[in-house]
Amino acid sequence: MNEFNTIIPSGYNNIVVLTGAGISAESGIKTFRASDGLWEQHRIEDVATPEGFAANPQQVYRFYNQRRQHLLGHQIKPNAAHIALAEFERSFKGHFLLVTQNIDNLHERAGSQNVLHMHGELLKSRCIQSGQLLETIRDIDDQSRCQCCNPAKGIRPHIVWFGEMPLFMQQIEQALSQADLFVSIGTSGNVYPAAGFAAQAGLFGATTLELNLDTSANQSVFDYSVQGRATELVPQFFNPHTFTEQKG
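Reference entry: report on the structure contained in this document. (Residues numbered from 1 in each chain as written. Predicted model: local features only at pLDDT ≥ 70, side-chain atom pairs only at ≥ 80, totals over all residues. Heavy atoms only, no water.)

## Re the nonpolar core
Grouped together as the largest cluster of nonpolar side chains are 25 residues, with contacts concentrated most on Ile185, Leu211 and Phe238. At the level of secondary structure, the elements contributing two or more residues to this core comprise β1 (14-19), α5 (80-91), β4 (95-100), β9 (181-185), β10 (207-212) and α9 (230-237). With 23 residues, the next largest nonpolar core counts Val47, Ala48, Leu123 and Ile159 among its residues. (Core = buried A, V, L, I, M, F, W, Y, C linked by side-chain atoms within 4.5 Å. Buried < 20%, exposed > 50% of the residue type's maximum accessible area, 1.4 Å probe, protein only. Helix = DSSP H or I, 4+ residues; strand = E, 2+ residues; numbered from the N terminus.)

Structure below.
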């Protein structure tokens, strides 16, 4: 028997899933903040803040160029957790929203459709003046220009840095208010506002579950918490047998 059948009832209409770095770590993408507080040997303040970009834009461009090329490498592929979520979304009869803190495209490559990247996307850049988004697979720098302004303006990585407002917050909050199940996968529980989503969904009556490799900082707010690898837990939970009694 699937172990989740004993703790999670069926019959959901509205599911919101939040994913963090833990789900992509098993695909070879390093988690955002290592135990030494660095991200790929860089201080967070130097490469993930507006102040860092203003002080040394070339370093920031170079940092995200390296992350982008790593993501596009042949060795980086969606794993079993990404695939299970995509397959579940296709079969689920209710409303399913996937909110991710990750800036990679592994959910989309696995086949997920209804995805909101609240912290931006590595394969996009945006015009510094107009905010228009540009698909980006090549390196960019301070000489790169947009296609929307006259005269053309500079572009920056389409990444939400510390001190900036996450994207799609109105849509996310609306979905949380309507959810009857909220599942958090591979998140630390340290980064807000995402760390507050479970409590917010719970206030509106949703069942809340976390699937995480280790105990998260906000574990106490969840109804259920299961520790283990995302590639094992996610396919186990998000399978047709767990949701055999979906409401129409």
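## A look at the packing of aromatic side chains
The geometry of an aromatic ring pair is captured by the separation of the ring centres together with the interplanar angle, meaning the angle of the planes. In this structure the tally under the stated criterion is 10 aromatic pairs. Between Phe63 and Tyr64 the ring centres are 5.0 Å apart and the planes differ by 90 degrees, which places this aromatic pair in the edge-to-face class. Of the two residues examined, Phe63 and Tyr64, each falls in the buried class. Ring geometry for Phe88 and Phe92: centres 5.2 Å apart, planes at 20 degrees, overall stacked. Each member of the pair Phe88 and Phe92 is classed as buried. Among the aromatic side chains, those forming a connected cluster through ring pairs are Phe53, Tyr61, Phe63, Tyr64 and Trp161. Over the ring of Trp161 we find Arg156, and its NZ or CZ is 3.8 Å from the ring centre. (Phe/Tyr/Trp six-rings, centres within 6.5 Å; stacked < 30°, edge-to-face > 60°. Lys NZ or Arg CZ within 6 Å of the ring centre and 35° of its normal.)

## A closer look at α5
With 12 residues, α5 extends 16 Å between its outermost C-alpha atoms, agreeing within 8% with the 16 Å of an ideal straight helix rising 1.5 Å per residue. When we look at burial in α5, the residues that qualify are Ala81, His82, Ala84, Leu85, Ala86, Phe88 and Glu89. Against β1, α1 (21-25), β4, α6 (106-110), β9 and α9 lie the buried residues of α5. Its side-chain oxygen 2.8 Å from the backbone nitrogen of Ala81, Asn79 forms the N-cap of α5. (Expected span 1.5 Å × (residues − 1). Contact = heavy atoms within 4.5 Å. Polar contact = N/O pair within 3.5 Å; in protein donor to acceptor, adjacent residues only side chain to side chain.)

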